[in-house]
Amino acid sequence: MASFVDEMETEVLSSSPEASAANEGPNDGDGGGGGSESSPSDDSSSSGDDSDDSDAEEKDGKTVDVGQVESEIASLQAEIDANPYIYDKHTQLISALRTLGDLERLRAARERMSTLFPLSEALWLEWLKDEEENPDKAKLLERATADYSSINLWMECVYHSMRGMTEPDGIENVRRTFEKALSVVGLNVAKGVTVWDAYREFEIAILAGLQPQPGSTDTKDFDAQLNRVTKLFKRQLSIPLIGMENAFKEYKAWIEGDVDAETQRNYNKALSVLEELRPFEKSLKESGSQQLEVYNKYIASEISYGNSARIQCLFERAIEENCLIPELWTQYTEYLERKKNPAEILLPVYRRSVRNCPWVVNLGWVL
């Protein structure tokens, strides 16, 4: 099981552009907690003039002028103290502190920024990477997924839960995490298949470990797990997702027989819906500066179709990529109001709208 988890984690995380960017960060060679500072390079002052390179240190194979970076940090902190609402100054400070590998100050800078702004997926992935060994990482993940509905961040939650699989309730906790991820991003037409496929692979790996010994008549656990995997296949095949054709082929190979009528009917219906959604997904990929306009047309079309859960998922996708557009937040909250969503769904969206667009007074009236 451990090898399966490691392999799946490496495959999914390495495919994320944001994770790749974080992996190429200035000071992440040790893979956790920002790292400890490396010793200065032995030959950093080979010219014989020690005064010119006295502040130079070797960090992750790069020569860093510590004095210069510290000066930059002091300047940025002063600017933030004078006006804490300049977003770019916070990201520049975090980058500078990460260069030095100063985890304590880096953590403080991130916490300060997080109190003022929601953080992007890329910033959260970088933070989570630096806090790999932090015993409170689960709390960080909870905060990360509260800012935006990011599939990569939800997969981080899944992989973190897998680390506790050997605990008494470990496997059930992984399942709960997968189910929570599906409830938030499982209807994402473009990328939701990532979570569904990973969930199935996880359950299939468990099934492999329950294979009865030759001659054994006790197949209860194996049969129950086999049924679990089959049901998961059927759930996935009833949802319009890009890539669902591959899942259908895998299912047919899995059952080694004919697909039952109900599953075939649900799959055909979902595939028909997907064909209606493909033009919007294609337009989003090609939209460039017109992306918001495409999202608005896509949302209007989905509202006419009437699937509330899928509409919410689409709003969340649009928000993640257009978080500073107050009209989009207003459209989202008004839709939730019209559908009479309970306070536990509605209020967090209002709170997030205010965090993203604090200058818009009418967004926070309900709070």
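Sorry, what's going on with the overall build of the protein chain here?
Helix and strand counts for the protein chain come out as 17 helices and 2 strands. In the protein chain, buried positions account for 44% of the 367 residues. Partitioning the intrachain contacts of the protein chain with sequence separation of at least 6 by distance along the chain shows that 58% fall at a separation of at least 24. Surface exposure of the protein chain reaches about 19,100 Å², of which carbon and sulfur atoms provide 50%.

Could you clarify how one ought to interpret the nonpolar core in this entry?
A general feature of soluble globular proteins is that nonpolar side chains tend to end up buried together. In this structure, Ile73, Leu93, Trp124, Met162, Phe178, Val195 and Phe202 are the most contacted members of the largest nonpolar core, which totals 48 residues. For this core, the secondary structure elements donating two or more residues are helix H3 (66–82), helix H4 (87–100), helix H5 (103–116), helix H6 (121–130), helix H7 (137–147), helix H8 (151–162), helix H9 (170–185) and helix H10 (193–209).

How should I be thinking about the confidence of the model for the protein chain in this particular structure?
Segments scoring low in pLDDT should not have their predicted coordinates read at a detailed level. Residue-level pLDDT values for the protein chain average 85, and 82% of them are 70 or greater. Segment residues 1–5 is flagged for pLDDT under 50; beyond a separation of four residues in sequence, or across chains, it makes 8 contacts in the model. The model gives residues 8–53 a pLDDT under 50, and that stretch makes 73 contacts with residues more than four places away or in other chains.

I keep staring at the environment of Phe233 and nothing clicks. Help me out?
Tracing the backbone shows Phe233 in helix H11 (residues 220–237). Residue Phe233 is classed as buried on the basis of its relative accessible area, which comes to 1%. Sequence separation between Phe233 and Asp197 is 36 residues, and the spatial gap between their C-alpha atoms is 9.1 Å. With residues near it in sequence (within four places) discarded, Phe233 still touches Arg200, Ala247, Glu250, Tyr251 and Trp254.

Sorry, what's going on with the packing of H4 against H6 here?
Two elements in contact, H4 and H6, have axes whose closest approach is 13 Å; the angle formed by their N-to-C orientations is 30°. Considering the angle they form, H4 stands roughly parallel to H6. Both H4 and H6 take part in a crossing whose hand is left-handed. Note on element contacts: H6 touches H4 through Leu123, Glu126, Lys129 and Asp130, opposite Tyr87, Thr91, Ile94 and Arg98. For the contact of H4 with H6, the class distribution of residues is 3 nonpolar, 1 polar and 4 charged.

Even after reading the chapter, I still don't get unusual backbone geometry, so can you show me in this structure?
The phi angle of most residues is negative, glycine excepted, and most peptide bonds adopt the trans form. Here the phi dihedral of Glu256 falls at roughly 50°; this positive angle occurs in a residue that is not glycine. Residue Lys340 is not a glycine yet carries a positive backbone phi of 55°. Note that Lys340 resides in the loop between helix H16 (326–338) and helix H17 (343–356). On the accessibility criterion, Lys340 (71% relative accessible area) is exposed.

Looking at this structure, how should I read the pattern of salt bridges?
In a structure, side chains of opposite charge can pair up when their charged atoms sit close to one another. Counted under the stated rule, the structure contains 28 salt bridges. Taking the shortest distance from any N to any O, the salt bridge between Arg176 and Asp169 comes out at 2.5 Å. Here Asp169 falls in the partly exposed class, since its relative accessible area comes to 38%.

What's the story with the environment of Arg107 in this structure? I'm lost.
Turning to its location among the elements, Arg107 is positioned in helix H5. With a relative accessible area of 23%, Arg107 lands in the partly exposed category. Between the alpha carbons of Arg107 and Ile94 there is a distance of 8.7 Å; along the sequence they are 13 residues apart. In this structure the side chain of Arg107 is engaged in a polar contact, spanning 2.8 Å, whose partner is the side chain of Glu131.

I tried to follow the state of the cysteines on my own but got confused; where do I start?
Two cysteines form a disulfide when their sulfur atoms are joined by a covalent bond. Taken as a whole and judged by the stated rule, the model has 0 disulfides. This cysteine, Cys357, is not joined by any disulfide, and Cys323 carries the nearest cysteine sulfur, 7.2 Å off. By relative accessible area, Cys357 is classed as buried at 0%.

Just to check I follow, could you spell out the packing of aromatic side chains for this structure?
Think of a pair of aromatic rings as described by two things: how far the centres are apart, and how the planes are tilted against each other in angle. This structure, assessed with the given rule, holds 10 aromatic pairs. Aromatic side chains Phe178 and Tyr199 sit 4.6 Å apart centroid to centroid with 5° between the ring planes, which places their arrangement in the stacked category. Remark: Tyr199 occurs in helix H10 and Phe178 occurs in helix H9; sequence separation between them is 21 residues. Neither Phe178 nor Tyr199 differs from the other in exposure class; each is buried. In textbook terms, an aromatic cluster arises when at least three aromatic residues are bridged by ring pairs, as seen for Phe178, Tyr199 and Phe202.

How do you make sense of the side chain of Glu316 when you look at a structure like this?
Within the fold, Glu316 resides in helix H15 (residues 308–321). Within the local environment of Glu316, its side chain forms a polar contact with the side chain of Ser149, the two groups lying 3.4 Å apart. When near neighbours in sequence (up to four residues on either side) are disregarded, Glu316 contacts Ser149, Tyr332 and Arg352.

Any chance you could explain helix H13 (residues 261–286) here in plain terms?
Side chains three or four residues apart in an α-helix point the same way, a direct result of the helix having 3.6 residues per turn. Here H13 contains 26 residues, and its C-alpha end-to-end distance of 37 Å stays within 8% of the 38 Å for a straight helix at 1.5 Å per residue. The sharpest bend along H13 reaches about 40° and sits at Leu277, with the proline Pro279 one to four residues further on. Among all positions in H13, only Thr263, Tyr267, Ala270, Val273, Leu274, Leu277, Glu281 and Leu284 are buried. For H13, the elements touching its buried residues are H11, helix H12 (244–255), helix H14 (291–305) and H15. At the N-terminal end of H13, a side-chain oxygen is found 3.3 Å from the backbone nitrogen of Glu262, two or three residues along, and the residue is Asp260. With its phi angle positive at about 60°, Gly288 sits one or two positions after the end of H13.

What counts, and at which threshold
Residues numbered from 1 in each chain as written. Predicted model: local features only at pLDDT ≥ 70, side-chain atom pairs only at ≥ 80, totals over all residues. Heavy atoms only, no water. Helix = DSSP H or I, 4+ residues; strand = E, 2+ residues; numbered from the N terminus. Buried < 20%, exposed > 50% of the residue type's maximum accessible area, 1.4 Å probe, protein only. Contact = heavy atoms within 4.5 Å. Areas by Shrake-Rupley, 256 points an atom, 1.4 Å probe, with all protein chains shown as cover. Core = buried A, V, L, I, M, F, W, Y, C linked by side-chain atoms within 4.5 Å. pLDDT = per-residue confidence, 0-100. Axes fitted to C-alpha atoms, helices over the stretch in contact; angles between N-to-C directions. Parallel < 35°, antiparallel > 145°, perpendicular 65-115°, else oblique. Left-handed = near helix turned anticlockwise from the far one by under 90°. Nonpolar A, V, L, I, M, F, W, Y, C, P; charged D, E, K, R; others polar. Salt bridge = Lys/Arg side-chain N within 4 Å of Asp/Glu carboxyl O. Polar contact = N/O pair within 3.5 Å; in protein donor to acceptor, adjacent residues only side chain to side chain. Disulfide = S-S within 2.5 Å. Phe/Tyr/Trp six-rings, centres within 6.5 Å; stacked < 30°, edge-to-face > 60°. Expected span 1.5 Å × (residues − 1). Bend = angle between axes of the 7 residues up to and from the residue.

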